[in-house]
Amino acid sequence: MERRLALELASTIRHDGDGGVTDDLATAHGTTRWIQAQADLLAGRLPAGGLTADEGLRSEIIELRRAVRALFARAVSPAPPSSADARRLMSADQALAHLNRVAAREPVVPQMEWLPEGAPATRLLSAENDPEVRLVAALARAAIDFLGGPQREQLRACSAPRCVRYFVKSHGRQEWCKPSCGNRARAARHYRRQRMAADGSSTPS
């Protein structure tokens, strides 16, 4: 399954497997572990020895996540958003402003390469020395790229009981983020049907 940095950030709030919700960014240590797990998606953005999060960086990433999840909620509307933060979402205007502001913190400069045997190629290089700024700006730009691209139309909030994840729908009838959520949702539906049948059969005629 293709990993997308914007979804990885949003999914740091997730079902804990025990009926509750956990936050992978709840501590600075957890944030460091999450950053390390995204090293492949952040290639060129992290220093060679990795990056250790402090409380300041953790807070910045959490605030950016709030903005991203608010915009994910807007993207899936009129379907319901993730239940994890449905009642305390940042406003869409505030989320957009925050996302754009964070993305703009890292100055980038265009560079061209033109090898003798090929066509010219261009890329953007960072002119920012602070790795924390580069990291958070990269997360913001990943969200901008995702929300501004065609995959936004396939974004969904998983409807399985207790799941709080967003996912990109990969086929026409997909309702859940992963098979285990589908199994849980089907079991819940079966249980409800059994309860309704039992309640109906016990009703006096």
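One structure accompanies this document, and this report is about it. What you are looking at is a predicted structure, and each value in this text was computed from that prediction instead of being measured.

**Side note on the pattern of salt bridges**
Okay, so step 1: Scanning all chains against the criterion turns up 13 salt bridges.
Okay, so step 2: A salt bridge links arginine 123 to glutamate 113; its shortest N-O distance comes to 3.1 Å. Of this pair, arginine 123 sits in strand β4 (residues 121–126) while glutamate 113 is found in strand β3 (residues 108–113), placing the two residues 10 residues apart along the sequence.
Okay, so step 3: Connected via shared salt-bridge partners are Arg3, Glu8 and Asp40.

**Observations regarding helix α4 (residues 92–103)**
Okay, so step 1: For α4, with 12 residues, the first-to-last C-alpha span of 16 Å sits near the 16 Å given by 1.5 Å per residue.
Okay, so step 2: Among all positions in α4, only Ala95, His98, Leu99, Val102 and Ala103 are buried. One side of α4 carries all its buried residues, which in axial view fall inside an arc of 125 degrees. Exposed residues lying more than 90 degrees from the buried face of α4 are Asp93 and Arg101.

Thresholds applied
Residues numbered from 1 in each chain as written. Predicted model: local features only at pLDDT ≥ 70, side-chain atom pairs only at ≥ 80, totals over all residues. Heavy atoms only, no water. Salt bridge = Lys/Arg side-chain N within 4 Å of Asp/Glu carboxyl O. Helix = DSSP H or I, 4+ residues; strand = E, 2+ residues; numbered from the N terminus. Expected span 1.5 Å × (residues − 1). Buried < 20%, exposed > 50% of the residue type's maximum accessible area, 1.4 Å probe, protein only. Arc of directions from axis to C-beta.

None of this, on its own, says anything about what the molecule does.
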